[in-house]
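Commentary on secondary and tertiary structure
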Amino acid sequence: MLQRVLGDLLKTEGVEQTLLFHRHNGLISSVVEEGFMPPVERLMGLIDKAESTCGVSDLGEFFEFWLESEEKIMINRIDNLHYIILLGFSGKIARWRHAIDHNRSILKSLNLR
C-alpha cells in the first residue's frame, strides 16, 4: 500500500522522486524515476536543520518546508516521526501539497515504523 501511495504522488506534475523518511532512522521507502538516486543525507540534513531552527527560535513545531530554485523540494510532516518528501525540477508546489494532503489520511493509517 505504501508503494502505491508513493507511486501515486510520483504522478503529480513535476515530481520525480517521492520518499518517506523516519525522523531518526532515515529513509523508509522511495519511488523514483529511473536514473535518479535519492539524496538521503542531504534530505536528513534539511529535516534536522528545520527542526533545530524551529526549536531554537521558538517558532513552534516543524510541519512543512519547501524550496523552489533549480530543484524543487517539499518536506511535509505526516506525524511526529515521519516525513513525506517530494523532489523535482518543474511543476507547482501548491499541487504537490494538494497531492500530499489528498493522501495524508492513507499515509497516517499505515502502520509506519
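In this report, we go over the structure that sits alongside the text. All values derive from a computational prediction rather than experimental measurement.

What follows concerns the environment of Glu-33. Of note, Glu-33 is situated in the loop between strand S2 (26-32) and helix H2 (40-56). The partly exposed category is assigned to Glu-33, whose relative accessible area is 35%. Residues contacting Glu-33, with those up to four places away along its chain left out, are Leu-10 and Glu-16.

Strand order in this open sheet of five strands is S2-S1-S5-S4-S3, and the pairing throughout is antiparallel. Taken across any chain shown, the strands that pair with only one partner, and hence form the sheet edges, are S2 and strand S3 (64-68). Going from strand to strand, the sheet's axes swing by 15 degrees on average, the running direction of each strand aside. Along the sheet face, helix H1 (residues 2-10) touches strand S1 (15-22), S2 and strand S5 (82-88) and points at about 55 degrees away from the line of S2. Together, S1, S2, S3, strand S4 (72-77) and S5 form the strand contacts of H2, whose direction differs from that of S1 by roughly 60 degrees.

A few words now on the pattern of salt bridges. A pair can form between side chains of opposite charge whenever their charged atoms are brought close. Enumeration over the complete set of coordinates arrives at seven salt bridges. The shortest N-O distance in the salt bridge between Lys-72 and Glu-68 comes to 3.4 Å.

Moving on, we come to the pairing of S4. Where burial is concerned, most of S4 is hidden: six out of the six residues are buried. Burial of the side chains of S4 extends over both faces: Lys-72, Met-74 and Asn-76 are buried on one face and Ile-73, Ile-75 and Arg-77 on the other. Note that S3 and S4 share five bridges and pair antiparallel. Within S4, the position partnered with Glu-64 by the bridge is Asn-76. Inspection of the sheet shows S4 paired to S5 by six bridges, in the antiparallel sense. Residue pairing across strands places Arg-77 opposite Tyr-83, the latter belonging to S5. Between the end of S4 and the start of S5, which pair antiparallel, lie four residues.

Our focus in this paragraph is the packing of H1 against helix H3 (residues 93-109). Packed helices, taken two at a time, are described by the angle their axes make and the gap between the axes. Where H1 contacts H3, the axes come no closer than 10 Å and their chain directions differ by 175 degrees. Regarding the angle of H1 to H3, the classification is roughly antiparallel. Contacts between H1 and H3 involve Leu-2, Val-5, Asp-8 and Leu-9 from the former and Ala-99, Ile-100, Asn-103, Ile-106 and Leu-107 from the latter. Classifying every residue of the contact of H1 with H3 by side-chain character gives seven nonpolar, one polar and one charged.

Each value, and the rule that gives it
- Residues numbered from 1 in each chain as written.
- Predicted model: local features only at pLDDT ≥ 70, side-chain atom pairs only at ≥ 80, totals over all residues.
- Heavy atoms only, no water.
- Helix = DSSP H or I, 4+ residues; strand = E, 2+ residues; numbered from the N terminus.
- Buried < 20%, exposed > 50% of the residue type's maximum accessible area, 1.4 Å probe, protein only.
- Contact = heavy atoms within 4.5 Å.
- Pairing = 2+ DSSP bridges.
- Axes fitted to C-alpha atoms, helices over the stretch in contact; angles between N-to-C directions.
- Salt bridge = Lys/Arg side-chain N within 4 Å of Asp/Glu carboxyl O.
- Parallel < 35°, antiparallel > 145°, perpendicular 65-115°, else oblique.
- Nonpolar A, V, L, I, M, F, W, Y, C, P; charged D, E, K, R; others polar.

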